[in-house]
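# Working through the structure, step by step
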Amino acid sequence: MQISAVTRDPWETDFAALVPRFTGGLSAISSALIIYIIFRSETRLSSIYHRIMFGMSLADICGSIAMALTSLPMPSYMPKEEIFGYKWAGTRLGNEYTCDAQGFFVSFGMGCMFNYNAMLC
């Protein structure tokens, strides 16, 4: 007797929709805390290090919030799902424009954050 396991793709599980919400939210809160600490310091934005960290934290907040939204900005109806035969997990409330905006903020935020990080080296 042969037992076959049903395999699911990662994007079809609730885990794929919930984990980025938690980690993205935690990252945004941590970056906001860094900005708070910078403005509470005596030097504030007068040091170059604080300016770079401030810019990196702002970029990380943009990217992390967009990533934390996971499937919410996705269009509620996507015809490609029927063609390819899979369904994304999570609640979808958006349209094509909200999905494009999310993609922009993830790309812009993460790209800027990595560039600011390279400036620290």
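So, here's what we can say about the structure.

Each value, and the rule that gives it
- Residues numbered from 1 in each chain as written.
- Predicted model: local features only at pLDDT ≥ 70, side-chain atom pairs only at ≥ 80, totals over all residues.
- Heavy atoms only, no water.
- Core = buried A, V, L, I, M, F, W, Y, C linked by side-chain atoms within 4.5 Å.
- Buried < 20%, exposed > 50% of the residue type's maximum accessible area, 1.4 Å probe, protein only.
- Helix = DSSP H or I, 4+ residues; strand = E, 2+ residues; numbered from the N terminus.
- Contact = heavy atoms within 4.5 Å.
- Polar contact = N/O pair within 3.5 Å; in protein donor to acceptor, adjacent residues only side chain to side chain.

Of all hydrophobic cores here, the largest spans 6 residues; its members are Ile38, Met53, Met56, Ala59, Met110 and Met113. Sort the elements by how many residues they give to this core and helix α2 (residues 48-68) lands first, with 3 residues. Beyond its immediate sequence surroundings of up to four residues, isoleucine 38 is in contact with Arg44, Leu45, His50, Met53 and Phe54.

Another aspect to go through is the side chain of serine 71. Tracing the backbone through its elements, the reader meets serine 71 in the loop between α2 and α3 (79-84). A distance of 3.0 Å separates a polar side-chain atom of serine 71 from the backbone oxygen of threonine 91. Other than its neighbours up to four places away in sequence, serine 71 contacts Arg21, Ala89, Gly90, Thr91, Arg92 and Leu93.

Within the secondary structure, serine 57 is located in helix α2. Its relative accessible area of 3% is what places serine 57 among the buried residues. Aside from chain neighbours lying at most four places away, what touches serine 57 is Ser31, Ile34 and Ile35.

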